[in-house]
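# Descriptive analysis of the structure
Below are the chains, spelled out letter by letter.
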Amino acid sequence: MPRLGLGLRLLFAAIALVLFLPCVASSWAAASKEGICDVDADFALGLEDYPAAITLHRKVLRPHNDNALAHYHLGFAYGMTGRKGDEINEYVAAARLGLDKWDLFLNLGLAYLGQNDGPKAIKTLQTAVLLGPDHPEAHFNLAIAYEKGNRLREALQEIIVSLHLAPEDPDERNTKGIICAELGNLVCARDEWAHLVQVVPNYAPARLNLAILSGSHRALAASTSSALGGDGFAFAR
């Protein structure tokens, strides 16, 4: 899996949408469930011409509002132009029409996370995991949602699964260290970050987190907000 920062996870999922969810359905059965988009509309999406993609996908939906795939693609284009409410509405429309792609629910869950709607994010990302159990991104982002909701033991379970699927991803291992620290298991946290420093020497978050754990950056850590309820330290991601 590409080594992406947390802020790029949604973008990666969106790119995956363009590459792996083509506009034309592969069969009549699929067409009845997902719909068939317009080649020009998805071409604009692939070129990252999001205003054109919005216009063209809305044109597709005008006579065929039951086109689940077009709703999904339109939601993606809305999201990439900052129209988060419209993004969520289109993803929900696609899901209600029966589109059951794991990445649809991943993007919807991430959109809910961006709106700080933790309960909806968790429920949606749980669906993403059920539909795409072999995709580390689904487990990783569910772990993040659990962590934000202070469901730390569940977060640890999901990040362990994610690491099993993508053992070389430093963001995943760093996040496991953070969750271990938040659970008070400092030995686990230290082991994860020490391993990262050894195998990915240039990965700065692991070095900083080891320093925070050792106390050498306590002043820096204490100056930032902490996921540990305000009395602990904020770790680098």
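What comes next concerns the included structure.

About the cut-offs
Residues numbered from 1 in each chain as written. Predicted model: local features only at pLDDT ≥ 70, side-chain atom pairs only at ≥ 80, totals over all residues. Heavy atoms only, no water. Axes fitted to C-alpha atoms, helices over the stretch in contact; angles between N-to-C directions. Helix = DSSP H or I, 4+ residues; strand = E, 2+ residues; numbered from the N terminus. Parallel < 35°, antiparallel > 145°, perpendicular 65-115°, else oblique. Left-handed = near helix turned anticlockwise from the far one by under 90°. Contact = heavy atoms within 4.5 Å. Nonpolar A, V, L, I, M, F, W, Y, C, P; charged D, E, K, R; others polar. Buried < 20%, exposed > 50% of the residue type's maximum accessible area, 1.4 Å probe, protein only. Disulfide = S-S within 2.5 Å. Core = buried A, V, L, I, M, F, W, Y, C linked by side-chain atoms within 4.5 Å. Phe/Tyr/Trp six-rings, centres within 6.5 Å; stacked < 30°, edge-to-face > 60°. Expected span 1.5 Å × (residues − 1). Salt bridge = Lys/Arg side-chain N within 4 Å of Asp/Glu carboxyl O.

### Quick word on the packing of helix 7 (residues 102-114) against helix 8 (residues 118-131)
At a minimum axis distance of 8 Å, the contact between helix 7 and helix 8 shows a crossing angle of 160 degrees. The orientation of helix 7 relative to helix 8 falls into the category roughly antiparallel. For the element pair helix 7 and helix 8, the recorded crossing hand is left-handed. Contact residues: helix 7 offers Trp102, Phe105, Leu106, Leu108, Gly109, Leu110, Tyr112 and Leu113, while helix 8 offers Lys120, Ala121, Thr124, Leu125, Thr127, Ala128 and Leu131. Considered class by class, the residues forming the contact of helix 7 with helix 8 number 11 nonpolar, 3 polar and 1 charged.

### A closer look at unusual backbone geometry
Most peptide bonds are trans, and most residues other than glycine sit at a negative phi. A positive phi angle, close to 60 degrees, is found at Asn116, a residue other than glycine. Structurally, Asn116 is set in the loop between helix 7 and helix 8. Positive phi outside glycine occurs at Asn150, with the angle close to 60 degrees. Structurally, Asn150 is set in the loop between helix 9 (136-148) and helix 10 (152-165). A relative accessible area of 57% means that Asn150 is categorised as exposed.

### Focus: the packing of helix 9 against helix 11 (residues 170-182)
Packing of helix 9 against helix 11 leaves a shortest axis separation of 11 Å and a crossing angle of 25 degrees. Judged by the angle between their axes, helix 9 and helix 11 are roughly parallel. Here the hand of the crossing between helix 9 and helix 11 comes out left-handed. Of the residues in helix 11, those in contact with Pro136, Phe140, Ile144 and Glu147 of helix 9 are Asp171, Glu172, Thr175, Ile178, Ile179 and Glu182. Classifying every residue of the contact of helix 9 with helix 11 gives 5 nonpolar, 1 polar and 4 charged.

### Overview of the state of the cysteines
In total, this model carries 1 disulfide according to the counting rule given. Covalent S-S linkage joins Cys180 and Cys188, the inter-sulfur distance amounting to 2.1 Å.

### Let's talk about the nonpolar core
Formed by 60 residues in total, the largest nonpolar core has its most connected members in Leu99, Leu104, Leu113, Trp193 and Phe235. The dominant element in this core, judged by the number of residues it contributes, is helix 7, at 9 residues. Look past the residues within four positions of Leu113 in its chain and what remains in contact with it is Ala121, Leu125, Asn141, Ile144, Ala145 and Lys148.

### Quick look at the packing of aromatic side chains
This model, assessed by the stated rule, comprises 3 aromatic pairs. Considering the side-chain rings of Tyr72 and Tyr91, the 5.7 Å spacing of their centres and the 75 degrees angle between planes classify their relative orientation as edge-to-face. With a gap of 19 residues between them, Tyr72 in helix 5 (residues 68-80) and Tyr91 in helix 6 (residues 84-96) connect regions that are remote in the sequence. Given a relative accessible area of 0%, Tyr72 falls into the buried group. On the basis of an interplanar angle of 40 degrees and a centroid distance of 5.2 Å, the ring pair of Trp193 and Phe235 is categorised as tilted.

### Here we look at the environment of Leu125
Relative to the assigned elements, Leu125 resides in helix 8. By relative accessible area, which is 0% here, Leu125 ends up buried. Distance in space between the C-alpha atoms of Leu125 and Ala145 is 8.2 Å, their sequence separation being 20 residues. Apart from the residues lying within four places of it in its own chain, the contact partners of Leu125 are Phe105, Leu106, Gly109, Leu110, Leu113, Asn141, Leu142 and Ala145.

### Thoughts on helix 5
For helix 5, with 13 residues, the first-to-last C-alpha span of 19 Å sits near the 18 Å given by 1.5 Å per residue. Residues of helix 5 that are buried: Ala68, Leu69, Ala70, His71, Tyr72, His73, Leu74, Gly75, Phe76, Ala77, Tyr78 and Gly79. A positive backbone phi angle near 85 degrees is found at Gly82, which sits one or two residues after helix 5.

### Quick word on the pattern of salt bridges
In this structure the tally under the stated criterion is 7 salt bridges. As a salt-bridge pair, Glu147 and Arg237 come within 2.5 Å of each other at their nearest N and O atoms. Of this pair, Glu147 sits in helix 9 while Arg237 sits in the segment after helix 14 (218-222), and the two are 90 residues apart along the sequence. By relative accessible area, which is 8% here, Glu147 ends up buried. You can call Arg237 partly exposed: its relative accessible area is 41%. We note a salt bridge from Glu192 to Arg173, for which the minimum N-O separation is 2.7 Å. In this pair, Glu192 sits in helix 12 (residues 186-199) while Arg173 sits in helix 11, placing the two residues 19 residues apart along the sequence. The two residues Glu192 and Arg173 agree in class, both being buried.

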